[in-house]
Amino acid sequence: MILYDPDLIQAYTDYGIMLPISPARAPRIIDFLTQTGVLDTHPLKPVLDCPGARRLLGESPGPLINRADLERVHQKEFVAALYQEGPEGSQGLVKALLKTYELIDSQGRPHRYEPDRAVKPLAALFHLTLAQVEGTYLACRLALKQEGPTPGFCYYLGGGMHHARYDHGAGFCLIHDMMIAARKLQAENQVQRIWIIDLDAHKGCGTAELVHFSRIPGALGGNQDAAKALEISTLSIHMAQGWPLDEETLHAAPLGRAPWIKGDVEIDIEAGAEDTYVPELQKGLELLEKRSQNLQPDLAIVVDGSDPYEHDELPSSSLLRLSLDCCIERDRLVYQYLRERGIPSAWIMAGGYGERAWEPNGYFLRTLPDA
Ligand SMILES: [Zn+2]
């Protein structure tokens, strides 16, 4: 099943943000799958939009993701700023967005930010972000709901904000959709154990921080239910160098915060070592399973970034250059691994930049009838 919401496809340039994020990525995946005929022929492939998903799940209209869901994961003062109820009022949200998208440089000048070209207010990005959190949550619910001989599978063409931290946004990620969805599902007793498997080129530093803090009573975020946090296990396979593991970013971050904090299973891929990627990922999955004491999770969330692809256009993902075949092999390995163990999975699109960012995700989805 694919979850695709055309209403959420927006150009960042509309907000004056000059990033190579193509609004065509998700529509091109749908076009490609339609042209190749697989959308019509395979039971995995019905495409739902968010309103359709809500109807299928029996949800009534109204916001599915509320402030309490954010506060289960993020600092209350940060959440208040996003809802424009902090001491700075509406400026609190604008400041959070400027920081998240790195729109002001160290000299206080606009950086890849041209507010004069904006046709929408920057603050509107918060509502778009909340809608994507809802999409991620719906994808998890859809994966859990499916019954049949094979485990549930839902691919959401959105979301993936894995750099968002406890008390601020970072790396184009304002709040952490997967953790918000995971903790909400736990609170609703829909799941107990969850794996988050992160295949994006950049380390899932926000995920590692949020999981780490929430496991320690009394630490930042330690007001959470630590026992439930223990049941979220993480794997991240990413570039060994480059943002957020470059020297400048590491030195600017206090010790004990992201990106210093390690996830449960971390695999650093050195530049030029692309041929080790798939074997290392295989070993990482086995380690994740072992660390979970062979207790099977109720759900896996896969952060399926396409920015490890050799044709990605973001300079900060250039240290990992997987071929298209390798990207497909990567995804099929994770898909088969989960399927053989009967683990339902929600796949989230995550990072991918430039006009060819749709290719790894699109070609993987095309392979599914043969999986
Ligand atoms: Zn990335």
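Scroll up a little and you will see the structure.
Computed from a predicted structure; not experimentally measured. (Residues numbered from 1 in each chain as written. Predicted model: local features only at pLDDT ≥ 70, side-chain atom pairs only at ≥ 80, totals over all residues.)

## Looking at the overall build of the protein chain
Link 1 in the chain: Of regular secondary structure, the protein chain possesses 14 helices and 8 strands.
Link 2 in the chain: The principal-axis extent of the C-alpha atoms belonging to the protein chain is close to 55 × 50 × 45 Å.
Link 3 in the chain: A buried classification covers 46% of the 371 residues belonging to the protein chain.
Link 4 in the chain: Put simply, 77% of the contacts in the protein chain that link residues at least 6 apart link residues at least 24 apart. (Helix = DSSP H or I, 4+ residues; strand = E, 2+ residues; numbered from the N terminus. Buried ≥ 20, exposed ≤ 12 C-beta atoms within 10 Å, placed from the backbone. Contact = placed C-beta atoms within 7 Å.)

## With respect to the sheet that holds strand E8 (residues 345-348)
Link 1 in the chain: A sheet is described by the order of its strands in space; here 8 strands give the open sequence E2-E1-E3-E8-E7-E4-E5-E6, paired in parallel fashion. Here the strands that pair on one side only, and so sit at the sheet edges, are strand E2 (47-48) and strand E6 (265-269).
Link 2 in the chain: Together, strand E1 (2-3), strand E3 (153-156), strand E7 (299-303) and E8 form the strand contacts of helix H7 (residues 125-145), whose direction differs from that of E3 by roughly 165°. (Pairing = 2+ DSSP bridges. Axes fitted to C-alpha atoms, helices over the stretch in contact; angles between N-to-C directions.)

## Side note on the packing of helix H1 (residues 25-35) against helix H14 (residues 358-367)
Between two packed helices, both the angle of their axes relative to each other and the distance between the axes serve to describe the pair.
Link 1 in the chain: Contact geometry of H1 with H14 gives a least axis separation of 9 Å together with a crossing angle of 35°. Once H1 is placed against H14, the crossing between them reads as right-handed. Taken together, the residues of H14 that come into contact with H1 (itself represented by Arg25, Arg28, Ile29, Phe32 and Leu33) are Trp358, Asn361, Gly362, Leu365 and Arg366.
Link 2 in the chain: Here the residues of the contact of H1 with H14 are counted per class, giving 5 nonpolar, 2 polar and 3 charged. (Left-handed = near helix turned anticlockwise from the far one by under 90°. Nonpolar A, V, L, I, M, F, W, Y, C, P; charged D, E, K, R; others polar.)

## Description of the environment of Leu122
Link 1 in the chain: Its location among the elements puts Leu122 in the loop between helix H6 (90-100) and H7.
Link 2 in the chain: For Leu122, a count of 18 C-beta atoms within 10 Å puts it in the partly exposed group.
Link 3 in the chain: Separated by 28 residues in sequence, Leu122 and Val94 place their C-alpha atoms 6.8 Å apart.
Link 4 in the chain: Setting aside its immediate chain neighbours within four residues, Leu122 contacts Tyr15, Val94 and Leu97.

## A closer look at the pairing of strand E5 (residues 232-239)
Link 1 in the chain: Among the 8 residues that make up E5, 8 are buried, leaving the element largely enclosed by the rest of the structure.
Link 2 in the chain: Here strand E4 (residues 194-198) pairs with E5 via 5 bridges, running parallel. Its bridge partner being in E5, Ile197 is matched across the sheet by Leu235.
Link 3 in the chain: Where E5 and E6 come together, 5 bridges link them in parallel fashion. In the sheet register, Leu235 faces E6, and the bridge partner there is Val265.

## What to know about the pairing of E3
Link 1 in the chain: Residues Phe153 and Tyr155 line one face of E3 and the alternating positions Cys154 and Tyr156 line the opposite face, and both faces are buried.
Link 2 in the chain: Relative to E3, E1 runs parallel, the two sharing 2 bridges. Paired with Ile2 across the strands is Tyr155, a residue of E3.
Link 3 in the chain: Where E3 and E8 come together, 4 bridges link them in parallel fashion. Following the sheet pairing, Cys154 is matched in E8 by Ala346.

## Re helix H8 (residues 177-187)
Link 1 in the chain: The buried fraction of H8 amounts to 10 of the 11 residues, a majority that puts the element mostly inside the structure.
Link 2 in the chain: Among the residues making up H8, those that are buried are Asp177, Met178, Met179, Ile180, Ala181, Ala182, Arg183, Lys184, Leu185 and Gln186.
Link 3 in the chain: Phi turns positive, to about 60°, at Asn189, one or two residues after H8.

## Remarks on the environment of Glu134
Link 1 in the chain: Structurally, Glu134 is set in helix H7.
Link 2 in the chain: The class of Glu134 is buried, set by 25 C-beta atoms lying within 10 Å.
Link 3 in the chain: Sequence-wise, Glu134 and Asp177 are 43 residues apart; in three dimensions their C-alpha atoms are separated by 7.9 Å.
Link 4 in the chain: If we ignore the near neighbours within four places in the chain, the residues touching Glu134 are Cys50, Leu64 and Ile65.

Geometric values such as these leave the question of function open.
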